[in-house]
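Structural overview
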Amino acid sequence: MDSSVNVASASAESAPPAEADFWDVTSVVRELANIRRNWRDINAPHAEYGVESFPSRVRLAKVTDELSGALFPLRLGPDFVRRHNEDTFVTQSLQIALSRLHAQLRLELTYANHEHDRATVDAMATRIVAAFSSELPNIRRLLDLDIEAAFRGDPSARSLDEVLICYPGLLAIIHHRLAHALHDLGAPLVARIVAEISHERTGIDIHPGAHIGRGFFIDHGTGVVIGETAIIGDNVRLYQGVTLGARNFPADPSGALIKSLPRHPVIEDNVVIFAGATILGRVTIGAGSEIGGNVWLTHDVAPLSRVFQAREQNLVIRPGGEFSGRNPGTEDQDIEGLNAKV
């Protein structure tokens, strides 16, 4: 007898009838329902998104890809796009992407404005999509400057096309420019989902609320974190592992964290921050400064500063406790010199 028949027969015999409670989960289902009900009662002021439905990460990933293709049809669009048909492709892509975006915005706005009727929510979503659509040309102009900054800043870049097609930092900034526009137009949840799609794809975590100027370049990129209230000026370059984070999280009298306070760094124009640097709190890094790798900063830095770690010391311990190399006491002097530079 064919073995596949035996396996199929065994599976059919072991499978419980569809209507049967084979695992006796009735009590589990009832308890889970009670937990959800209690959660919603307790957290009514912060009711869950998606009580009716939830914006779809899968659909928003498609929207982001379609918008990217519309912005750069010959490079990020499908392979059938040519110069003679790119306007037609862009028209069709935008019609589809913006319609899908409208549907996702309706889901967010229905939750956030539950007192409004369907027609009002539809009108709100339509206004956001129209305003977002009108921002796309400006987003493309900003991205052109970002691509040029990456090409200038990376000696291994052989062409602007290579930067656009290959660099994770550029992919992350495309997502951020789109997400930031949606965030500012009143769709913070959809914007956050777009940002997290980018985070998953690139390993770069940029909150959609962060303000980023022109000519922004993230080299290599993995592990970069940019917080919600960070402000980044023009022509700023970051390397992998840089964190622009918060130092503390104030709470209200009930113990809940106070949202949206300015708590992330301000990076002024023409700053370079090397790999692994961590800058925490509402501090300002002055224009033209250079922050070395693995530096930890929690205070302001004046313009045109160069901040590096204290120099390493190499000691060789000899029998009898003698040592050769730099005097260990000079490390404190190095740190004092560092503070003086800052």
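Residues numbered from 1 in each chain as written. Predicted model: local features only at pLDDT ≥ 70, side-chain atom pairs only at ≥ 80, totals over all residues. Heavy atoms only, no water.

1. Section: the overall build of the protein chain
For the record, the criterion: Under the DSSP-based scheme used, a helix requires at least four consecutive residues in state H or I and a strand at least two consecutive residues in state E, with every element numbered from the N terminus. Relative accessibility under 20% of the residue-type maximum defines a buried residue, over 50% an exposed one, and the middle range a partly exposed one, all with a 1.4 Å probe and only protein chains included. In what follows, residue pairs with any heavy atoms lying within 4.5 Å of each other are defined as contacts. For every accessible area listed, the method is Shrake-Rupley and the probe measures 1.4 Å; residues are considered covered only by the protein chains on display.
What the protein chain contains, in helices and strands, is 10 helices and 16 strands. The 342 residues of the protein chain split such that 38% are buried. The contacts of the protein chain with a sequence gap of at least 6 include a subset with a gap of at least 24, amounting to 45%. Accessible area of the protein chain: about 19,500 Å², with a carbon and sulfur share of 54%.

2. With respect to the sheet that holds strand S12 (residues 290–291)
Heads up, the condition is: Any two strands with at least two DSSP bridges between them are considered paired.
As summarised here, the arrangement of the five strands in space is S3-S6-S9-S12-S14, forming an open sheet in which the pairing is parallel. Each edge of the open sheet is held by one strand with a lone partner, namely strand S3 (217–219) and strand S14 (306–307). With two bridges joining them, strand S6 (residues 237–239) and strand S9 (residues 272–273) adopt parallel strand pairing. Looking at the pairing, Arg 237 lines up with Val 272 of S9.

3. Focus on the sheet that holds strand S4 (residues 225–226)
The pairing of strands in a sheet comes from backbone hydrogen bonds and takes either a parallel or an antiparallel form. Read across the sheet, five strands follow the order S1-S4-S7-S10-S13 without closing on themselves; strand pairing throughout is parallel. Unpaired on one side and paired on the other, strand S1 (205–206) and strand S13 (296–297) mark the two borders of the sheet.

4. A word on the packing of aromatic side chains
This is how the line gets drawn: Pairing of aromatic rings covers Phe, Tyr and Trp, the last through its six-membered ring, and needs centres within 6.5 Å; plane angles under 30 degrees mean stacked, over 60 mean edge-to-face, and all others mean tilted.
Taken as a whole, this structure holds two aromatic pairs when the rule is applied. A ring pair is formed by Phe 80 and Phe 89, whose centres lie 6.1 Å apart and whose planes are at 85°; its orientation type is edge-to-face. An angle of 15° between the planes, with centres 5.1 Å apart, marks the rings of Tyr 239 and Phe 274 as stacked. You can see Tyr 239 sitting in strand S6 and its partner Phe 274 sitting in the loop between S9 and strand S10 (278–280), a full 35 residues away along the chain. The class for Phe 274 is partly exposed, based on a relative accessible area of 27%.

5. Some remarks on unusual backbone geometry
In this structure, Asn 270 is a non-glycine residue whose phi angle is positive, near 60°. Mapping Asn 270 onto the fold places it in the loop between strand S8 (266–267) and S9. Since its relative accessible area comes to 43%, Asn 270 is described here as partly exposed. Positive phi outside glycine occurs at Asn 294, with the angle close to 65°. Structurally, Asn 294 is set in the loop between S12 and S13.

6. Some thoughts on the side chain of Ser 289
Relative to the helices and strands, Ser 289 is located in the loop between strand S11 (284–285) and S12. Setting aside anything within four residues of it in sequence, one finds Ser 289 in contact with Asn 270, Val 271, Val 272, Val 301, Ala 302, Pro 303, Leu 304 and Ser 305.

7. Observations regarding the confidence of the model for the protein chain
Detailed reading of predicted coordinates is not advised where the pLDDT is low. The cut-off we apply is this: The predictor rates its confidence in each residue with pLDDT, a number between 0 and 100.
Looking at the protein chain as a whole, the pLDDT averages 86, with 82% of positions reaching at least 70. pLDDT under 50 marks residues 326–342. Its contacts with residues more than four places away, or in other chains, come to 26 contacts.

8. Some words on the nonpolar core
What counts is decided by this rule: Remark: nonpolar core denotes a set of buried residues (Ala, Val, Leu, Ile, Met, Phe, Trp, Tyr, Cys) joined through side-chain atoms within 4.5 Å.
Among the nonpolar cores identified, the biggest contains 69 residues, and Leu 101, Ile 226 and Ile 273 are the most heavily contacted of them. In terms of residue count, helix H6 (residues 118–153) provides more of this core than any other element does, 12 residues in total.

9. Quick word on the pattern of salt bridges
Cut-off, in case you're wondering: The salt bridge criterion pairs a side-chain nitrogen of Lys or Arg with a carboxyl oxygen of Asp or Glu, the two atoms within 4 Å.
Throughout the structure, instances matching the rule amount to 12 salt bridges. Between Glu 196 and Arg 192 there is a salt bridge; the shortest N-O distance is 3.5 Å. Separated by four residues within a single helix, Glu 196 and Arg 192 lie in helix H9 (residues 188–202), roughly one turn from each other.

10. Some thoughts on the side chain of Glu 162
You can see Glu 162 is positioned in helix H7 (residues 160–166). Using a relative accessible area of 18% as the deciding quantity, one classes Glu 162 as buried. Setting aside its immediate chain neighbours within four residues, Glu 162 contacts Ser 156, Ala 157 and Tyr 167.

11. Considering H9
Rules: Multiplying 1.5 Å by the residue count of a helix minus one yields the expected span of that helix.
Its 15 residues give H9 an end-to-end C-alpha distance of 21 Å, which sits within 8% of 21 Å, the value for a rise of 1.5 Å per residue. Restricting attention to buried positions, one finds in H9 the residues Leu 189, Val 190, Ala 191, Ile 193, Val 194, Ala 195, Ile 197, Ser 198 and Thr 202. Buried-residue contacts for H9 involve helix H3 (57–71), helix H5 (86–112), helix H8 (168–184) and S1. Immediately downstream of H9, the backbone of Gly 203 shows phi near 75°, a positive value.

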